[in-house]
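# Coordinates in review
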Amino acid sequence: IAWLVYSDVALFDLVFNEPLQEYLLEVAPYWMDACDLDGVRIDASQTVDRPFLKRIKNRIQQLKPEALVLGETLCPLHEAVDVPVDMVYALMVDFHRDVEHARPLNDFLEEVHRSFAPGTVAMAYFENHDSPRATQVWRDKYRALLDGDGAARGYWQSVLPPDADPALCMALLKNAQALFVDASAGSAVGTNLTRGMEWGSEWGEDVRTDFENATLLQPALRRQAPHGALTRLYERVFAQRGAWTELHSGKVYYHRNDADGGDVDDRLFAYVRYSAQGALLVVHNVDPARAHSMRLR
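Right, let's get into the overall build of the protein. Secondary structure assignment for the protein yields 12 helices and eight strands. Here the C-alpha coordinates of the protein stretch approximately 65 × 45 × 30 Å along the principal axes. Here the protein, with 297 residues, has 48% of them falling under the buried criterion. Residue pairs at least 24 apart in sequence account for 69% of intrachain contacts in the protein once pairs closer than 6 positions are excluded. Of the roughly 15100 Å² of accessible surface on the protein, a fraction of 55% belongs to carbon and sulfur atoms. Averaging the coordinates of the 30 positive side-chain charges in the protein and doing the same for the 43 negative ones gives two points 6 Å apart.

Encoded structure:
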């Protein structure tokens, strides 16, 4: 994987190498001071020696007490719970891109709430620079689905403009669904979620950005249909989210499909985000081809 190929700090023998530790401890504060940065993202943080990682965090916050230290934790949750950072990072990537049923989403989020201390903030995103773009994965998947499913093809062609690419529009809508999950599925008394994204996610980029390929993104797409509609959606959600106090201070209750009245195909991911001020019911259909229903008591 990339951090082994490119000899990241994870490969250094840090434990007894005080001169190397002192050198590395100055790197982040230098750039924060030189560029007036608000925080630091630490790559593959679960692979770094924990006492040294705590020294990095302390040194950063000596320079800027309000600095945010993010730890990339693309790993099993038990490896991430003791990473000394302000925010864990890299949740939901594979679930958004690959999971097509509600149960894995429910199981994973409840594991997150059990694993971390109450009040932990987790950055959730659905694209990873080490992997193909989610938009491209979804577009290919939906094109294959439409080619083999006449009913699904007929439905999407009936609701989209005649000149639209149905598979692309479906992929952009899946981006929007992932955005809404990341904006609403956390818990203020468990693990609250905040959103993060690779540059280009807001317009549905499909060019992969990694070490092996030139980074040739297409920012002009943010002004072109249908990508521009996704960009405007991001702007609206970010502008309005502050008005929904339940998303910031509320608890969460996940409705599972194994009770009476649930969706037998397990394609509806449903939960309530609630506080003393009110409640929001959120229901996601993760089936791109069929309508589903469930009865919530």
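In this section: the sheet that holds strand S7 (residues 268-275). One open sheet accounts for three strands, arranged S6-S7-S8; its pairing is antiparallel. Strands with a single pairing partner mark the edges of an open sheet, and in this sheet they are strand S6 (251-255) and strand S8 (278-285). The average angle at which neighbouring strand axes cross in this sheet is 20 degrees, direction not considered. Pairing of S7 with S8 involves eight bridges; the strand directions are antiparallel.

By secondary structure assignment, the location of Val-81 is in the loop between helix H5 (77-80) and strand S3 (87-91). Sequence spacing of Val-81 and Tyr-30 is 51 residues, and the spatial spacing of their C-alpha atoms is 28 Å. Sequence-distant contacts of Val-81, that is, excluding residues within four places in its chain, are made with Ser-115 and Phe-116.

On to the packing of helix H8 (residues 134-148) against helix H9 (residues 150-159), then. Two elements in contact, H8 and H9, have axes separated by 5 Å at closest approach and are oriented at 110 degrees. By the criterion of interaxial angle, the relationship of H8 to H9 is roughly perpendicular. Packed against H8, whose contacting residues are Leu-146, Asp-147 and Gly-148, the element H9 presents Gly-150, Ala-152, Arg-153 and Trp-156 at the interface.

What follows deals with the nonpolar core. Ile-60, Leu-91, Met-92, Phe-269 and Tyr-271 are the most contacted members of the largest nonpolar core, which has 40 residues in total. At five residues, the largest contribution of residues to this core is made by helix H7 (residues 102-115). Residues contacting Phe-269, with those up to four places away along its chain left out, are Ala-102, Leu-105, Asn-106, Leu-109, Val-181, Tyr-254, Val-282, Val-283 and His-284. Ranked by size, the runner-up nonpolar core spans 21 residues in total, among them Ala-134, Leu-160, Leu-179 and Val-237.

Moving on: the pattern of salt bridges. Per the stated rule, a full pass over the model turns up 23 salt bridges. Across the pair Arg-290 and Asp-149 runs a salt bridge, and its minimum N-O distance is 3.0 Å. On the criterion of sequence distance, the pair formed by Arg-290 in the segment after S8 and Asp-149 in the loop between H8 and H9 is long-range, its members being 141 residues apart. On the basis of relative accessibility, which here comes to 38%, the residue Arg-290 falls in the partly exposed class.

This part takes up the packing of aromatic side chains. All chains considered together, the criterion is met by 10 aromatic pairs. For the ring pair Tyr-89 and Tyr-125, a centre distance of 5.1 Å and an interplane angle of 25 degrees mean the geometry is stacked. With a gap of 36 residues between them, Tyr-89 in strand S3 and Tyr-125 in the loop between strand S4 (120-124) and H8 connect regions that are remote in the sequence. With a relative accessible area of 9%, Tyr-89 lands in the buried category. Both rings, one in Tyr-254 and one in Phe-269, keep their centres 6.4 Å apart while their planes meet at 15 degrees; by these two values the pair is stacked. Highlighted residues: Tyr-254 in strand S6 and Phe-269 in strand S7, separated in sequence by 15 residues. When sorted by exposure, Tyr-254 lands in the same class as Phe-269, which is buried. Aromatic ring contacts, followed pair by pair, group Tyr-254, Phe-269 and Tyr-271 into a single cluster.

Rules used in this analysis
Residues numbered from 1 in each chain as written. Predicted model: local features only at pLDDT ≥ 70, side-chain atom pairs only at ≥ 80, totals over all residues. Heavy atoms only, no water. Helix = DSSP H or I, 4+ residues; strand = E, 2+ residues; numbered from the N terminus. Buried < 20%, exposed > 50% of the residue type's maximum accessible area, 1.4 Å probe, protein only. Contact = heavy atoms within 4.5 Å. Areas by Shrake-Rupley, 256 points an atom, 1.4 Å probe, with all protein chains shown as cover. Lys, Arg positive; Asp, Glu negative; His and termini not counted. Charge placed at Lys NZ, Arg CZ, Asp CG, Glu CD. Pairing = 2+ DSSP bridges. Axes fitted to C-alpha atoms, helices over the stretch in contact; angles between N-to-C directions. Parallel < 35°, antiparallel > 145°, perpendicular 65-115°, else oblique. Core = buried A, V, L, I, M, F, W, Y, C linked by side-chain atoms within 4.5 Å. Salt bridge = Lys/Arg side-chain N within 4 Å of Asp/Glu carboxyl O. Phe/Tyr/Trp six-rings, centres within 6.5 Å; stacked < 30°, edge-to-face > 60°.

Note that every value here comes from positions in space, so none of it alone points to a role or purpose.
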